[in-house]
Amino acid sequence: MTHFVRAASRGTSGLRFLLLGSSALALAVPAHAADAAAEEEANAPIVVNGSRPIAESEAAALDVQKKSDSLVAVLSADGVGRLPDQNIAQATSRLPGVAIERDQGQARYISLRGAPNYWTTLSFDGINVVSPEGRDARFDSIPSAIAKQVVVSKAVTPDMPGETVSGNVNVITRSAFDFSGLHVQGKAGIGYAELGDRREYEGSLVVSDRFKAGDGEIGVLVSGSFFERNMVTDNFEIDWERVSQDQRPGNGTRFWARETENKLYRLQRRNWSVSGRLDWQPDADNTISLRSVYTIFTDNEARDNYIFDLDDRQGDLSNSNAACTIAANTTPTNTGYADVCIGNTPLTGTVYGIDINQRSTLRNFRQSIFTNTLEGNHSFGDGWKIGWLGNYTESEDDRSVTGEARWNSPSTRTLRPTVAYDFSNPGRNTPLLFNTLQLSGPTRYTAGTAVTAIDSFNKPLSSLRLLDAIDTTKAYTGRLIVSKDADFLGANATFKVGVQFDQRTKVADESQIEITSAADFTRVGISTNYNDFSLNDAFAGALPMGYTFRYFDTDKMREVAAATRAAFTFTPNTANNYDVREQVLAGFAMGTLRYDWGSVVGGVRVEHVKNRGIAEATIAGVTGLVTAESSQTLAFPSLHVNYDLAEDKKLRVSFNSGAARADYDVLRPNVVVNDANLTISGGNPAVKPERAYGVDAYFEWYLRPQGYLMAGVFYKKVEDVLYTQRRTFNSDALNIGGTDRSQYTFSGITNGGNGRIFGFEVAAQLQLEPWTENLGLPDWTGGFGISANLTYNDSEVTKPEVLASAVPARKVRLPGTSDVIYNVGAYYEKYGISMRLQYQRRSTWLDGYADDLADAGDTYWAADDELDFSARYAITPNFEVYFDASNLLNNPGRRYSEPGNLLTATGTPTPATDVQTIEFERFGRRYAAGVRINF
């Protein structure tokens, strides 16, 4: 824990703070004395007691940021964890220009300055790491406890991989050399999740020491962390469709709920991490480091899923296009689905005798990253330096399903429910259930008595499925960098050349068991009556359901899953299995010129990329393994100019470039060729990377003694944007057996149009302490401070016309981009107390594109905001207690579609209908308290 020293000297009207401890950072305040001697006297330090973790972390972060030769944002060691931030995504979201996407209320993906999240890369100590999921770097599997510092680079330099487009999040791990000797740091806490009355547990421990070794020194550090989060989630989803039989006037603006469902989750999520680091400094010119980090994220999920199949008998609807008299009719000759004549609308109505498709799913997801690095840095005479490293990283994504039982309504409609639906409130999905009565005639039904308990309807077991699905990525990296310090063009220059080789191999291995017969159900001991497979526990959530239900018994699911594994053999899902290898040979040259007025950094990186994919393909009716290879060489120039307008003011201007390569599952050659239909579908090994070229201009003002103001603008040009679409194949690669397939229709990932993204950022960090005396304020008010940042962006890319679709080429936003992202925080710390209230918000962002007028429009996530609070009290310099409260606003996550934003073949917008909810979820508030130690 860091202590501050405050100076009060003869003739002073200013204050100077000296930060002692791990940050080793001194900040000077210019006094208001008239001459240099008075200023020197005013800056003489003498003592005051206190603990200032927020000020310390901000000061340390700003020092790194100021000294950087490129545009970065930094979180310091103590800053990570000062709010209830158990993972790197949530912690990083406090920085300017950083937006996050959540899963089950937990921060998962990072988007930088509004760009798609797969443009953000992840590094450990400067080594790019492939996420367990692939290119979409998942940050919720990385606990913040392992980090000493997080550096977000928004403008890449030539020594960074070219796949870094919008930026890189570099997690810098702790070293024993960060501390003066033996160091122990720990944390233990317990928490409470309001929704479902669940518990949370967390703990971490860091131990390090330094030892003499001849004339040098050895540092050893080990650390571990654990976080467990038990929770329930309220969720409902609606799948909208255009109904082909609905031909009545006004049908062009009508989208109907094909099905509506409640997904009711019981979850246990855990984060583990273990890391170790051995650093050897035999002398001042040589350092060798061995580092290992192992992180594990597990998601044990029990999901009760009730799906109301409203369009089960869609074909019974008349396809007449004649106008009809709209009148309420509770005894229609069809189910009533999509029938406007009986008074039903897309938002309210009744459907008679529908199917319930129920799913009882028990999953045990597990993601892990195991990264190991041996690195050396050596200095020689006359300014020469050599840096080398070797890295092996293994990432694993286990998507296995312990067991999924499916229960479906029988075909007899009188044994099925009648459902009254009401979607007029976008935050509600409360289907009302009734018995179904048959009237005179074989097709006339009506609603009977109301039913509350959904499990009173007969839903026999139809199948039991077990899935083993593990994706494993093994990556090898070797790098060598040679640098030379020299005088050049009147500057203190550093020239670097380097080579790097990366090989990444991703193997997807998926197999399953599925049983469907009564004899097999008996063999494994699962009842076909759901009530025998369920619990009589009360609903733990708060979602207005419209009915009661029974949770499935997870212990029974594990029992029948074990019996199924013993009795049956897994069958490979060959269509989903693949082996993709990527090799990248890179070389770069760059120079850094440092002048009295600032610095210039420029250079180029060249990368040669080779891909090879092996997967199952079906061509001309023959199925077998195929191999596809491709290669490409790309150059990535960049230039950064950092101009010191004054000692505390900087102007940064940069040009940079990058390429976002398609994910590994896209590059697999698992194509299916249908000669009868003249179609090709599947992966696309030949897809080109998205190219981006950006410019940035930023002004930074580092206030004294502590504070920061920033304003900047950015622009990025985008080419060859990746889309899932239908287009003409236009290649002879599959002209096997003398058949020309170049004009077949291809469905899959392809390159589309070009576009751009531009915007601006502003940020401020201010503390009242240095100005309380001049303002005549009491001493206690000096503990107040604020931090705030805002990012605005505007993106536009051309989405090509979809073949055989009424949707022409059109301008759309980049996926995952919010127009506005901002954070506002206020804190107080003095006398051992540290409190912070933080609010963050991101506006609506695009989730997916509609490719056809049959789709219910492009989909969006509604604006997301969170309010968090944290408090610390240092009882002694080595012991503190803490309290965290998160998601205090308890606002939901909501995904929706806008049918009105599609275009007809003539280019005329279709009239907008009411915004339609696709998904709604709520997670509840969370609270945690505990203790920290620091020796």
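The coordinates are above.
Residues numbered from 1 in each chain as written. Predicted model: local features only at pLDDT ≥ 70, side-chain atom pairs only at ≥ 80, totals over all residues. Heavy atoms only, no water.

Student: I'd like to hear about the overall build of the protein chain, residue by residue, with values.
Tutor: Within the protein chain, the secondary structure is distributed over seven helices and 47 strands. The globule rule puts the C-alpha radius of gyration for 935 residues at 30 Å, and the 31 Å found for the protein chain is close to it. Buried positions account for 56% of the 935 residues belonging to the protein chain. Long-range pairs, those at least 24 residues apart, make up 72% of the contacts in the protein chain with a sequence separation of at least 6. Total accessible area on the protein chain stands at roughly 36300 Å², and carbon and sulfur atoms take up 56% of it. Between the averaged position of the 91 positive side-chain charges in the protein chain and that of its 112 negative side-chain charges there is a distance of 1 Å. (Helix = DSSP H or I, 4+ residues; strand = E, 2+ residues; numbered from the N terminus. Rg over C-alpha atoms; globule rule 2.2 N^0.38 Å. Buried < 20%, exposed > 50% of the residue type's maximum accessible area, 1.4 Å probe, protein only. Contact = heavy atoms within 4.5 Å. Areas by Shrake-Rupley, 256 points an atom, 1.4 Å probe, with all protein chains shown as cover. Lys, Arg positive; Asp, Glu negative; His and termini not counted. Charge placed at Lys NZ, Arg CZ, Asp CG, Glu CD.)

Student: Describe the sheet that holds strand β20 (residues 417-422), listing the residues and the values that go with them.
Tutor: The strand order across the open sheet formed by four strands is β16-β20-β21-β22, and the pairing between neighbours is antiparallel. The open sheet has two edge strands with one neighbour each: β16 (348-351) and β22 (445-451). The average angle at which neighbouring strand axes cross in this sheet is 30 degrees, direction not considered. Two strands pair when backbone bridges link them, and β20 and strand β21 (residues 432-438) are joined in this way by four bridges, in the antiparallel orientation. (Pairing = 2+ DSSP bridges. Axes fitted to C-alpha atoms, helices over the stretch in contact; angles between N-to-C directions.)

Student: I'd like a rundown of helix α5 (residues 554-567), residues and numbers included.
Tutor: The terminal C-alpha atoms of α5, which comprises 14 residues, lie 20 Å apart, in line with the 20 Å expected from a rise of 1.5 Å per residue. Close packing links the buried residues of α5 with β17 (355-379), β19 (401-408), β23 (461-488), β24 (491-515) and α4 (518-524). For α5, the N-terminal capping position is held by D553, with its side-chain oxygen 2.9 Å away from the main-chain nitrogen of D555. (Expected span 1.5 Å × (residues − 1). Polar contact = N/O pair within 3.5 Å; in protein donor to acceptor, adjacent residues only side chain to side chain.)

Student: I'd like a description of the nonpolar core, backed by residues and values.
Tutor: Inside soluble globular proteins, nonpolar side chains tend to come together where they are buried. Among the nonpolar cores identified, the biggest contains 54 residues, and W240, F308, L464 and I526 are the most heavily contacted of them. Setting aside anything within four residues of it in sequence, one finds L464 in contact with E404, A405, I513, E514, I515, F521, V524, I526, M557, V560 and T564. (Core = buried A, V, L, I, M, F, W, Y, C linked by side-chain atoms within 4.5 Å.)

Student: Before we move on, could you go through the packing of aromatic side chains and cite the residues and values that matter?
Tutor: Considering all chains together, one arrives at 29 aromatic pairs under this definition. Each ring, one from F236 and one from F920, has its centre 5.3 Å from the other, and the planes form 15 degrees; the classification is stacked. Pair noted here: F236 is in strand β13 (residues 216-241) and F920 is in strand β46 (residues 916-922), with a separation of 684 residues, a long-range link. Owing to a relative accessible area of 0%, F236 belongs among the buried residues under this scheme. The structure contains a cluster of three or more aromatic residues connected by ring pairs, namely Y306, F308, F539, Y547, F549 and Y551. A cation over an aromatic ring shows up here: R135 above the ring of Y664, its NZ or CZ 4.4 Å from the ring centre. Looking at R523, its charged tip hangs above the ring of F568, at a distance of 4.7 Å from the centre. (Phe/Tyr/Trp six-rings, centres within 6.5 Å; stacked < 30°, edge-to-face > 60°. Lys NZ or Arg CZ within 6 Å of the ring centre and 35° of its normal.)

Student: Go over the sheet that holds strand β9 (residues 147-153), please, and point to the residues and values.
Tutor: Sheet architecture is open: five strands sit in the order β4-β9-β10-β7-β8, paired in mixed fashion. At either margin of the open sheet sits one strand with a lone partner, and together these are β4 (72-75) and β8 (127-128). Two strands pair when backbone bridges link them, and β9 and strand β10 (residues 167-173) are joined in this way by six bridges, in the antiparallel orientation. Among the inter-strand pairings, V152 is bridged to a residue of β10, identified as V169.

Student: So what's going on with the pattern of salt bridges? Which residues, and what values?
Tutor: For the structure on display, the rule yields 64 salt bridges. Between D304 and R266 there is a salt bridge, with its nearest N and O atoms 3.1 Å apart. Taken as a pair, D304 in strand β15 (residues 286-309) and R266 in strand β14 (residues 256-283) lie far apart in primary sequence, 38 residues in all. Residue D304 is classed as buried on the basis of its relative accessible area of 1%. Judged by its relative accessible area of 15%, R266 falls in the buried class. Among the salt bridges present, the one from R277 reaches D279, with a minimum N-O distance of 2.9 Å. The pair formed by R277 and D279 is uniform in burial state, with each residue classed as buried. Bridged by salt links that share partners, the residues R135, E163, R504, E582, R605, E607 and R661 form one connected network. (Salt bridge = Lys/Arg side-chain N within 4 Å of Asp/Glu carboxyl O.)

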